[in-house]
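Observations on the model geometry
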Amino acid sequence: QVCMFLSNLAALVCGFLFLQMDDIPVWMKALYFVADAGVCIGRQLHALKDGGCLGKRAHKNGVQAAPENGAHGADGGAPSGDKSGEAS
């Protein structure tokens, strides 16, 4: 978690430095910085979910955990007792 935070912080600092460059058009700097900030926010939210710090259900090994009520399988499909998707 700490490494992800430091990586995101470094990316934002470099984005601010990129904004200070005069040789690059303003529209390109703005587009890069918005994309950079969006990616950093998304990565940080995902890291917090993986760490169990955010939300009721944390991600486990790249797969989202099943709902607590057991209504669906771990793959997000129909409940295991539901045979409606199978051919007769």
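Values in this document were obtained by computation on a predicted structure and should not be read as measured data.

1. Comments concerning the overall build of the chain
Scanning the chain for helices and strands turns up two helices and two strands. N-terminal to C-terminal, the α/β element order of the chain is α-α-β-β. Summarising the internal contacts of the chain: among those between residues at least 6 apart in sequence, 32% fall at separations of at least 24. For the chain, the exposed surface amounts to about 6,800 Å²; the carbon and sulfur share of it is 64%.

2. Re helix H2 (residues 26–50)
Since there are 3.6 residues in each turn of an α-helix, residues three or four apart along the chain are aligned in direction. A rise of 1.5 Å per residue sets the reference length of H2, with its 25 residues, at 36 Å; its end C-alpha atoms lie 36 Å apart and thus fit the reference within 8%. In the core, the buried residues of H2 are packed alongside helix H1 (2–19). Looking one or two residues beyond H2, the residue adopting positive phi is Gly52, at roughly 75°.

3. Things to note about a nonpolar patch on the surface
Taken together, Val2, Phe5, Leu6, Leu9, Val13 and Leu17 make up a surface patch of nonpolar side chains, about 580 Å² in accessible area. Here Phe5 shows up in helix H1.

4. Description of the environment of Lys29
Mapped onto the fold, Lys29 is located in helix H2. Among all residues touching Lys29, those that are not within four sequence positions of it are Phe18, Leu19, Met21 and Ile24.

5. So, the packing of aromatic side chains
In the structure shown here, the tally under the stated rule is two aromatic pairs. On the basis of an interplanar angle of 50° and a centroid distance of 4.9 Å, the ring pair of Phe16 and Phe33 is categorised as tilted. Residue Phe16 is found in helix H1, and its partner Phe33 is found in helix H2; the two are separated by 17 residues along the sequence. A residue is classified by how much of its surface remains accessible, and Phe33, at 18% relative accessible area, is buried. With 4.8 Å between their ring centres and 55° between their planes, Phe18 and Tyr32 make a pair best called tilted. Placement of Phe18 in helix H1 and of Tyr32 in helix H2 is noted, with a sequence separation of 14 residues between them. Residue classification places Tyr32 among the partly exposed residues on the basis of a relative accessible area of 41%.

6. Quick word on the packing of H1 against H2
Two numbers describe how H1 lies on H2: the axes approach to 10 Å, and their chain directions differ by 170°. Viewed along their axes, H1 and H2 adopt a mutual orientation that is roughly antiparallel. Where H1 abuts H2, its residues Met4, Phe5, Ser7, Asn8, Ala11, Leu12, Gly15, Phe16, Phe18 and Leu19 lie against Met28, Lys29, Ala30, Tyr32, Phe33, Asp36, Ala37, Cys40, Arg43, Gln44 and Ala47.

7. A look at H1
Over its 18 residues, H1 extends 26 Å from the first C-alpha to the last, a length consistent with the 26 Å expected when each residue adds 1.5 Å. For H1, every residue scored as buried is listed here: Asn8, Ala11, Gly15 and Phe18. One side of H1 carries all its buried residues, which in axial view fall inside an arc of 80°. What points out from H1, more than 90 degrees from its buried face, is the exposed set Val2, Cys3 and Leu17. Those residues of H1 that are buried lie in contact with H2.

Cut-offs applied
- Residues numbered from 1 in each chain as written.
- Predicted model: local features only at pLDDT ≥ 70, side-chain atom pairs only at ≥ 80, totals over all residues.
- Heavy atoms only, no water.
- Helix = DSSP H or I, 4+ residues; strand = E, 2+ residues; numbered from the N terminus.
- Contact = heavy atoms within 4.5 Å.
- Areas by Shrake-Rupley, 256 points an atom, 1.4 Å probe, with all protein chains shown as cover.
- Expected span 1.5 Å × (residues − 1).
- Patch = residues over 30% accessible without salt bridge, like charges linked within 9 Å, V, L, I, M, F, W, Y side chains within 5 Å.
- Salt bridge = Lys/Arg side-chain N within 4 Å of Asp/Glu carboxyl O.
- Phe/Tyr/Trp six-rings, centres within 6.5 Å; stacked < 30°, edge-to-face > 60°.
- Buried < 20%, exposed > 50% of the residue type's maximum accessible area, 1.4 Å probe, protein only.
- Axes fitted to C-alpha atoms, helices over the stretch in contact; angles between N-to-C directions.
- Parallel < 35°, antiparallel > 145°, perpendicular 65-115°, else oblique.
- Arc of directions from axis to C-beta.

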